[in-house]
Amino acid sequence: MMNVIPDAWLPAVPMKRVHGHWTAGGHDANETDRKAYHVLVEGDAKIVRGIPSIAANSGSIKDGYAAHTLNANTGAIGISMCGMAGAAESPFDPGRAPLTLPQWTAFIAAVTQLCRVYDIPVTPKTVLFHAEVQANLGIKQRNKWDVTRLVFDPATVGAKAIGDKMRREVSALLAGKAPAEPFEPVPEGARARVTAASLNFRSAPDGEITGSLPEGLIVEVIVIDGDWINVETPAGYRGWVSRAHVVMVDGPPAAEPTKPDPRRKMIDDIRAMLDGLEAAL
Ligand SMILES: [Zn+2]
């Protein structure tokens, strides 16, 4: 697998976690940004070295360490995507420097390299975004929402969903798989029919089960992400289902349930009568 961070930036010290962030600044790393993190990924996917050494955050914290996460910097590598200046959480506004897909792809490669070099397991407590720190580590943060939104993946929203996405992509790279395309193109109006007797409806790919869909239900396909599909139900709920338990349906469905053609019953009746006659021969 390709390394994206120069080896010289990665001192041989014990590290326990990787924390992902955004800078809340512009797409380029300025000096303030570089003081706060060990590694930065600019909007065009260029990797920039932060000012503190990773060694300053190892063991007992040392002068000039990277103060990237309140009360949780010991043993934690801080890596940040440059961007989200002027962004607002609710209603969501990505501001003037939204995170970019090339930036995310480089970030995933960099996190993968950090996990490999420092032998950090990919779990929600060891590889996580700042927005997950309070829930996953029990260490209070001040309303941090990096990273809970990605403008290039609008169907994946929230700290857990985006943290799970990162961990899934990093795990795939560690396992030697090529990074999956983030989405496959979904044709306009694409629909799928549920083929399982009761299909789990989830908050994220392989995520928490929030309900179930009945066999035969036609759902709108929003995003295809590998083995998982983001769908919208006729009632307007959005969630993820396993691709293995739906079939794609061509064309838009009938606006209303179609009534059986009366000739169908006649054909069935005649067929039953013919079967009866044949059986009596
Ligand atoms: Zn942060």
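Residues numbered from 1 in each chain as written. Predicted model: local features only at pLDDT ≥ 70, side-chain atom pairs only at ≥ 80, totals over all residues. Heavy atoms only, no water.

### Looking at empty space enclosed by the protein
Link 1 in the chain: The full count for this structure, using the stated rule, is one cavity of 30 Å³ or more.
Link 2 in the chain: Taken as a whole, the largest cavity holds about 30 Å³ of empty space.
Link 3 in the chain: Lining the largest cavity, in full, are Trp 9, His 38, Arg 49, Gly 50, Pro 52, Ser 53 and Ile 54. (1 Å grid on protein atoms, 1.4 Å probe; cavity = no way out; pocket = protein on both sides within 12 Å on 5 of 7 lines; lining within 4 Å. Points joined across faces, edges and corners; volume = space filled by probe spheres on them.)

### Re the sheet that holds strand S3 (residues 47-49)
Link 1 in the chain: Across the sheet, five strands lie side by side as S3-S2-S4-S1-S5; this open sheet has mixed pairing. If you trace the sheet from one side to the other, it starts and ends with S3 and strand S5 (127-129), each paired once. Looking at each pair of strands side by side, their axes are set apart by 25° on average, direction ignored.
Link 2 in the chain: As paired elements, strand S2 (residues 39-41) and strand S4 (residues 76-81) share three bridges and run parallel to each other. (Pairing = 2+ DSSP bridges. Helix = DSSP H or I, 4+ residues; strand = E, 2+ residues; numbered from the N terminus. Axes fitted to C-alpha atoms, helices over the stretch in contact; angles between N-to-C directions.)

### Describing the coordination of the zinc ion
Link 1 in the chain: Protein ligation of the zinc ion involves His 21 (ND1), His 130 (ND1) and Asp 146 (OD), the donor distances falling in the range 2.0 to 2.2 Å.
Link 2 in the chain: Of note, the donors binding the zinc ion are all from one chain and are spaced H-x108-H-x15-D. Taken together, the residues span a long stretch of sequence, with His 21 in strand S1 (residues 17-22) and His 130 in helix H3 (residues 130-137) at a distance of 109 residues. Taken as a pair, His 21 and His 130 share a single burial class, namely buried. (Donors = N, O, S within 2.8 Å, 3.2 Å for Na, K, Ca; no water. Buried < 20%, exposed > 50% of the residue type's maximum accessible area, 1.4 Å probe, protein only.)

### Observations concerning the UniProt feature "domain: N-acetylmuramoyl-L-alanine amidase" (unreviewed entry) in the protein chain
Link 1 in the chain: Within the UniProt annotation, "domain: N-acetylmuramoyl-L-alanine amidase" (unreviewed entry) is assigned to residues 16-134.
Link 2 in the chain: In this annotation, residues 16-134 is assigned 24% helix and 18% strand; the end-to-end C-alpha distance for the span is 17 Å. (UniProt positions renumbered as here; feature names shortened; annotations may be inferred.)

### Thoughts on the state of the cysteines
Link 1 in the chain: Under the counting rule described, the total for this entry stands at zero disulfides.
Link 2 in the chain: Among the cysteines around Cys 82, which has no disulfide bond, Cys 115 carries the closest sulfur, lying 19 Å off.
Link 3 in the chain: In this structure Cys 82 comes out as buried when scored by relative accessible area, which is 0%.
Link 4 in the chain: Classification of Cys 115 as buried rests on a relative accessible area of 3%. (Disulfide = S-S within 2.5 Å.)

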